[in-house]
Amino acid sequence: MTRIVLGIESSCDETGVGLVRLHENGAVELLADEVASSVEQHARFGGVVPEVASRAHLEAMVPTATRAFETAGLALSDVDAIAVTAGPGLAGALLVGVSAAKAYSAALGVPLYGVNHLAGHIAVDTLQHGPLPKPCLALLVSGGHTQLLRVDDVASAITELGSTVDDAAGEAYDKVARVLGLPYPGGPPIDKAAAGGDPRAIAFPRGMTGPRDAKFDFSFSGLKTAVARWVEAAERRGEEIPVGDVAASFQEAVADVLTAKAVRAATEAGIGTMVISGGVAANSRLSALAAERCAAAGIELRVPRPRLCTDNGAMIAALGAHVLAAGRKPSSLDISANPALPVGVVTV
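Residues numbered from 1 in each chain as written. Predicted model: local features only at pLDDT ≥ 70, side-chain atom pairs only at ≥ 80, totals over all residues. Heavy atoms only, no water.

Looking now at the environment of Gly73. Considering the arrangement of structural elements, one finds Gly73 in the loop between helix H2 (50-72) and strand S4 (81-87). Spatially, the C-alpha atom of Gly73 lies 8.7 Å from that of Leu31, the residues being 42 residues apart in sequence. (Helix = DSSP H or I, 4+ residues; strand = E, 2+ residues; numbered from the N terminus.)

In structure tokens, the structure reads:
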């Protein structure tokens, strides 16, 4: 007997609705992945405006769900369980998704699972590469999160090994893009500009890599500031800013630290598989350097395709399917959103 799981994601500026089929053998099959993004509404502000995001989710939720069911060729009555992002994320945005999931759950009479957004970024890899080895190491890199995680069971046992102490990697990309006059969000424009630059042109600092620094934590605030100061100094001298070189050198500093710490963590723990996910996982230099260093260390590298790396409903549906297969207790209909939900809490 197979079961259909509906996933709803609304933690930031993407309204995601996904549908998956959980097979008897535990395999999870993607049936639909529809996303409505409000990124253009935030672009003029240079970052996500919470109230704007919340209103966009309200407008997009039902149309996005409708498209997902049409894509999958399913009806609401086919759904056996519902998973929704309960945190972490923006409070108002999360509440829109949680409220929608509660309504669907009550109307259909099916169990509701409030799940962790970060665990969803790990679970989504199973839609492309199959079951996760136990244990595996996850490097989660996005606009709001940069974490190294030990995953013993994606449905119940995730342990944080390290995280950023200030800016997330994706946040640093956005801020550096603004300094260089590139559009928001900054990841894709910097990646594109870096393709024409020299990553060795400027020796930008590698944060949290000194002997007294926490082994697996990250810091990108100093790097972001170093880029801004370098650009300001060049402008004072009346020089034209070599955008390609700055972008490539910045990107190399980020990828260098992320991959070095991730490979070291996996090696020291004797873990043979690494998953990289989150929006920044789509960055070309990060994936290339990770592949190079993982190969040298004998570590299998798994990176979901770019569409699955960014926030989406498919990742929440996938996590919901794993939680359902594990026999976890459903959430009650009085659950609320938790903007600061820790990564170790997979379900609420």
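Moving on, we get to the packing of aromatic side chains. A full pass over the atoms with the stated rule returns 2 aromatic pairs. Judged by centre distance (4.9 Å) and plane angle (70 degrees), the ring pair of Tyr173 and Phe250 falls under edge-to-face. Separated by 77 residues along the polypeptide, Tyr173 in helix H6 (residues 169-179) and Phe250 in helix H9 (residues 243-269) bring together distant segments of the chain. Exposure remark for Tyr173: the relative accessible area of 3% places this residue in the buried category. (Phe/Tyr/Trp six-rings, centres within 6.5 Å; stacked < 30°, edge-to-face > 60°. Buried < 20%, exposed > 50% of the residue type's maximum accessible area, 1.4 Å probe, protein only.)

Turning to H9, a few remarks are in order. Taking 1.5 Å per residue, 27 residues should reach 39 Å; H9 reaches 39 Å between its end C-alpha atoms and fits that length. Burial of H9 is extensive: 20 of the 27 residues sit out of reach of the surface. Residue Gly270 follows H9 closely and has a positive phi angle near 70 degrees. (Expected span 1.5 Å × (residues − 1).)

In this structure the tally under the stated criterion is 1 cavity of 30 Å³ or more. Its volume calculated, the largest cavity comes out at about 30 Å³. What lines the largest cavity is simply Pro205, Arg206, Gly207, Ser219, Phe220, Leu223, Ala253, Val254 and Val257. Ranked by residues supplied to the lining of the largest cavity, first place goes to H9 with 3 residues. When grouped by side-chain class, the residues that make up the lining of the largest cavity number 6 nonpolar, 2 polar and 1 charged. (1 Å grid on protein atoms, 1.4 Å probe; cavity = no way out; pocket = protein on both sides within 12 Å on 5 of 7 lines; lining within 4 Å. Points joined across faces, edges and corners; volume = space filled by probe spheres on them. Nonpolar A, V, L, I, M, F, W, Y, C, P; charged D, E, K, R; others polar.)

Note that strand S7 (residues 146-153) and strand S8 (residues 157-163) share 6 bridges and pair antiparallel. Opposite Val151, over in S8, you have Ile158 as the bridge partner. With antiparallel pairing between neighbouring strands as the criterion, S7 and S8 make up a hairpin whose turn holds 3 residues. (Pairing = 2+ DSSP bridges.)

Moving on to the sheet that holds strand S5 (residues 112-116). The 5 strands lie next to each other as S3-S2-S1-S4-S5, forming an open sheet whose pairing is mixed. Two strands close off the open sheet at either side, each with one partner strand: strand S3 (28-37) and S5. Across the sheet, the axes of successive neighbouring strands diverge by a mean angle of 20 degrees, strand direction being ignored. In this sheet, strand S2 (residues 14-22) lies alongside strand S1 (residues 3-9) in antiparallel orientation, the contact comprising 7 bridges. Across the sheet, Val5 pairs through a bridge with Val20, a residue of S2. Most of the contacts of helix H12 (residues 313-325) go to S1, to which it runs at about 135 degrees, and overall it touches S1, S2, S3, S4 and S5. (Axes fitted to C-alpha atoms, helices over the stretch in contact; angles between N-to-C directions. Contact = heavy atoms within 4.5 Å.)

Here strand S9 (residues 273-277) lies mainly inside the structure; 5 of its 5 residues are buried. Because side chains alternate across S9, one face comprises the buried residues Thr273, Val275 and Ser277, and the other comprises Met274 and Ile276, equally buried. Here 4 bridges tie strand S6 (residues 136-141) to S9, and the two strands are oriented parallel to one another. Opposite Leu137, over in S9, you have Met274 as the bridge partner.

For the rest of this paragraph, the subject is the layout of surface pockets. Estimated volume of the largest pocket: approximately 1,100 Å³. Among the elements of the structure, helix H4 (117-123), H6, helix H7 (187-194) and helix H11 (306-309) are those that each provide at least two residues to the lining of the largest pocket. Considering each element in turn, the lining of the largest pocket owes the most residues, 6 residues, to H6. Split by residue class, the lining of the largest pocket holds 16 nonpolar, 15 polar and 8 charged. Its boundaries defined by the atoms lining it, the second largest pocket holds a volume of some 300 Å³. In terms of lining residues, the second largest pocket is bounded by 18 residues, among which Pro131, Leu132, Lys134, Val154 and His322 are the most central.

Bringing the environment of Lys175 into the picture now. Checked against the element boundaries, Lys175 lands in helix H6. The exposure class of Lys175 is partly exposed, given its relative accessible area of 28%. Linking Lys175 and Gly186, residues 11 residues apart in sequence, is a C-alpha distance of 7.4 Å. Every residue in contact with Lys175, bar those within four places of it in the chain, is listed here: Asp167 and Lys224.

Within the secondary structure, Thr259 is located in helix H9. According to the relative accessible area criterion, Thr259 is buried, its value standing at 2%. Of note is the side chain of Thr259, whose polar atom sits 3.4 Å from the backbone oxygen of Asp256. Not counting the four nearest positions on each side in its chain, Thr259 is found in contact with Leu286, Leu289, Ala290 and Arg293. (Polar contact = N/O pair within 3.5 Å; in protein donor to acceptor, adjacent residues only side chain to side chain.)

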